[in-house]
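# Chains, contacts and geometry: an overview
Listed here are the chains, written in short residue letters.
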Amino acid sequence: MSGDSKIGLQAVGGIVRTGVARKIASDTAAAVRAPVRPQAQDPLPTARLITLTGELAEQGPTIDVSRVASLRTAIASGTYTPDSGVIAKAILAFQRAGAD
């Protein structure tokens, strides 16, 4: 006795099975041997990330033009003196961030 006949009449898609359910070996064996394929993930997030990356690349970096001009003037005149403590802290912060 098959499993379907134990629970009574089965309705699938509006069609009611009235006879005894038959087991077809070839269909069952094929279903067992069929490889399980993982579902493909939605490509939308990847496409959106690519679009955002392109938009950011087109914008370019934010540059403070007046700051650059003042630094160029100070370097050219020899009045620019870098703060070694600030530079050292920046280097350490950069190295620590890269270690994570």
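Report follows, based on the coordinates. As the structure is a prediction and not an experimental result, all values here were calculated from the model.

## Considering the overall build of the chain
The number of helices and strands found in the chain is five helices and two strands. Going from the N terminus to the C terminus, the chain shows its helices and strands as α-β-β-α-α-α-α. Within the span of the chain, comprising 100 residues, buried residues form 2% of the whole. For the chain, the exposed area adds up to about 9,500 Å²; of that, 61% sits on carbon and sulfur atoms.

## A word on helix α5 (residues 84-99)
Taking 1.5 Å per residue as the helical rise, α5 with its 16 residues ought to reach 22 Å, and the 23 Å between its terminal C-alpha atoms agrees with that figure. In terms of burial, α5 is a largely surface element, zero of the 16 residues being buried. Of the residues flanking the start of α5, the one acting as N-cap is D83, its side-chain oxygen 3.2 Å from the backbone nitrogen of G85.

## Comments concerning helix α4 (residues 65-77)
Over its 13 residues, α4 runs 18 Å from end to end, which matches the ideal 18 Å to within 8%, given 1.5 Å per residue. G78 sits one or two residues past α4 and shows a positive phi near 80°.

## As for a nonpolar patch on the surface
Where nonpolar side chains cluster on the molecular surface, the patch consists of I63, V65 and V68 and spans about 270 Å² of accessible area. Residue placement: V68 occurs in helix α4.

## Observations concerning the environment of Y80
Mapped onto the fold, Y80 is located in the loop between α4 and α5. Not counting residues within four places of it along the chain, the set of residues in contact with Y80 comprises L71, A74 and I75.

Scoring rules and cut-offs
Throughout, residues of each chain are indexed from 1 in the direction in which the sequence is written. Selection of residues for local features in this predicted model requires a pLDDT of at least 70, selection of side-chain atom pairs for listing and counting requires 80 or more, and totals for whole chains, interfaces and linings are taken over all residues. The side-chain figures draw on all heavy atoms in the structure; neither hydrogens nor water molecules are used. Strands are runs of DSSP state E lasting at least 2 residues, helices are runs of H or I lasting at least 4, and numbering of each runs from the N terminus. Burial status follows relative accessibility: with a 1.4 Å probe on protein chains alone, a residue under 20% of its type maximum counts as buried, one over 50% as exposed, and anything between as partly exposed. The accessible surface values rely on the Shrake-Rupley method and a 1.4 Å probe; as for residues, cover is taken only from the protein chains in view. Each helix should span, by expectation, one fewer than its residue count multiplied by 1.5 Å. Here a polar contact means two N or O atoms within 3.5 Å. Within protein one must be a hydrogen donor candidate and the other an acceptor candidate, and residues neighboring in sequence count only if both atoms are side-chain atoms. Think of a patch as exposed residues, more than 30% relative accessible area, with no salt bridge, where like charges cluster within 9 Å and nonpolar side chains (Val, Leu, Ile, Met, Phe, Trp, Tyr) cluster within 5 Å. By salt bridge we mean one thing: a side-chain nitrogen of Lys or Arg within 4 Å of a carboxyl oxygen of Asp or Glu. Every residue pair with non-hydrogen atoms within 4.5 Å of one another is taken to be in contact.

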